[in-house]
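# Secondary and tertiary structure notes
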Amino acid sequence: MTPFSLDLPGVGELTVRPLDVDADSALLHRWVTHPKAVYWMMQQATPDEVAAEYRAITGHPDRDAYLGLHDGRPAFLVERYDPARVELAGLYEAQPGDVGMHFLCAPADTPVHGFTRAVITTVLAFLFQDPAARRVVVEPDIRNTAVQALNAAVGFRVVGAVAKPEKEALLSTCTRAQFTAATGALS
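### Comments concerning the environment of R135
- Tracing the backbone shows R135 in strand β6 (residues 135-138).
- The sequence separation of R135 and I120 amounts to 15 residues, and the corresponding C-alpha distance is 15 Å.
- In contact with R135, not counting residues within four places along its chain, are Y92, E93, A94, Q95, G97, D98, V99, F128, T173, C174 and T175.
- A polar contact of 2.8 Å, which involves the side chain of R135, links it to the side chain of D98.

This is how it looks when you write it as structure tokens:
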């Protein structure tokens, strides 16, 4: 897969490339166990557990993981999945072309204004580059109001609460048209 990139004014170049578990798992361990990653639910994970989790994701037929770079340096994590088969199987009304997504921004020593919004914009543009992707589906923890506001800013619409085994989630969806209307990114 060729890396996907967007150059966003005021932020810089954001690139998405396939995750290399062997090369990237130590970095991911620092990110997913950081206090700001509480909703990632891996706070107590060991380096081996993080590596095993991402080997399982990258080896699964309905899941993928990607590393995001900011101006060439690792800065965010992306997971793509088929929500009709994993994560939300049987919990919502799936449609053809649904793509599930999780993303995590790395802890930053020097925050960049607008960075998280630039990341989610890049992630959605990356997912929608696939012509088969018709709608992105997310299921953040219902208590994570910051990501819910971010989701709304890029075109997501709330479907409703969903009880998952590990959390109460707020199911939301975003079509290509909703994303373009909210961001202008695909126009």
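There's more to say after this.
### A word on the packing of aromatic side chains
- Evaluated as defined, the whole model comprises 3 aromatic pairs.
- Relative to F126, the ring of F4 lies with its centre 5.8 Å away and its plane at 55°, an arrangement referred to as tilted. With a gap of 122 residues between them, F4 in strand β1 (residues 4-8) and F126 in helix α3 (residues 115-128) connect regions that are remote in the sequence.
- Judged by relative accessible area, F4 falls into the buried class, the value being 13%.
- Taking the centre distance of 4.9 Å and the plane angle of 70° together, the rings of Y66 and F126 count as edge-to-face. Highlighted residues: Y66 in strand β3 (residues 63-70) and F126 in helix α3, separated in sequence by 60 residues.
- Given the relative accessible area of 4%, Y66 is considered buried.
- Owing to a relative accessible area of 2%, F126 belongs among the buried residues under this scheme.
- One aromatic cluster is present, formed by F4, Y66 and F126 through successive ring pairs.

### Observations regarding the environment of R55
- On the secondary structure map, R55 appears in helix α2 (residues 47-58).
- Of the residues examined, R55 reaches a relative accessible area of 43% and is grouped as partly exposed.
- Between the alpha carbons of R55 and D22 there is a distance of 8.9 Å; along the sequence they are 33 residues apart.
- Here R55 is in contact with V21 and D22, once residues within four sequence places are set aside.

### Details of the environment of F76
- On the secondary structure map, F76 appears in strand β4 (residues 73-81).
- A residue is classified by how much of its surface remains accessible, and F76, at 0% relative accessible area, is buried.
- Each C-alpha atom, one on F76 and one on L14, is 9.4 Å from the other, the two residues being 62 residues apart in sequence.

### Re the pairing of β1
- Pairing between β1 and strand β2 (residues 12-18): 5 bridges, direction antiparallel. Residue F4 lies in a different strand from β2, and its bridge partner there is V16.

### Some remarks on the nonpolar core
- The biggest cluster of nonpolar side chains holds 32 residues, and the ones touching the most others in it are F76, M101, F103, L124 and F156.
- Elements represented by at least two residues in this core include exactly β1, β2, β4, β5 (98-105), α3, β6 and α4 (145-153).
- Ranked by residue count, the leading element in this core is α3, at 10 residues.

Definitions and limits used
- Residues numbered from 1 in each chain as written.
- Predicted model: local features only at pLDDT ≥ 70, side-chain atom pairs only at ≥ 80, totals over all residues.
- Heavy atoms only, no water.
- Helix = DSSP H or I, 4+ residues; strand = E, 2+ residues; numbered from the N terminus.
- Contact = heavy atoms within 4.5 Å.
- Polar contact = N/O pair within 3.5 Å; in protein donor to acceptor, adjacent residues only side chain to side chain.
- Phe/Tyr/Trp six-rings, centres within 6.5 Å; stacked < 30°, edge-to-face > 60°.
- Buried < 20%, exposed > 50% of the residue type's maximum accessible area, 1.4 Å probe, protein only.
- Pairing = 2+ DSSP bridges.
- Core = buried A, V, L, I, M, F, W, Y, C linked by side-chain atoms within 4.5 Å.

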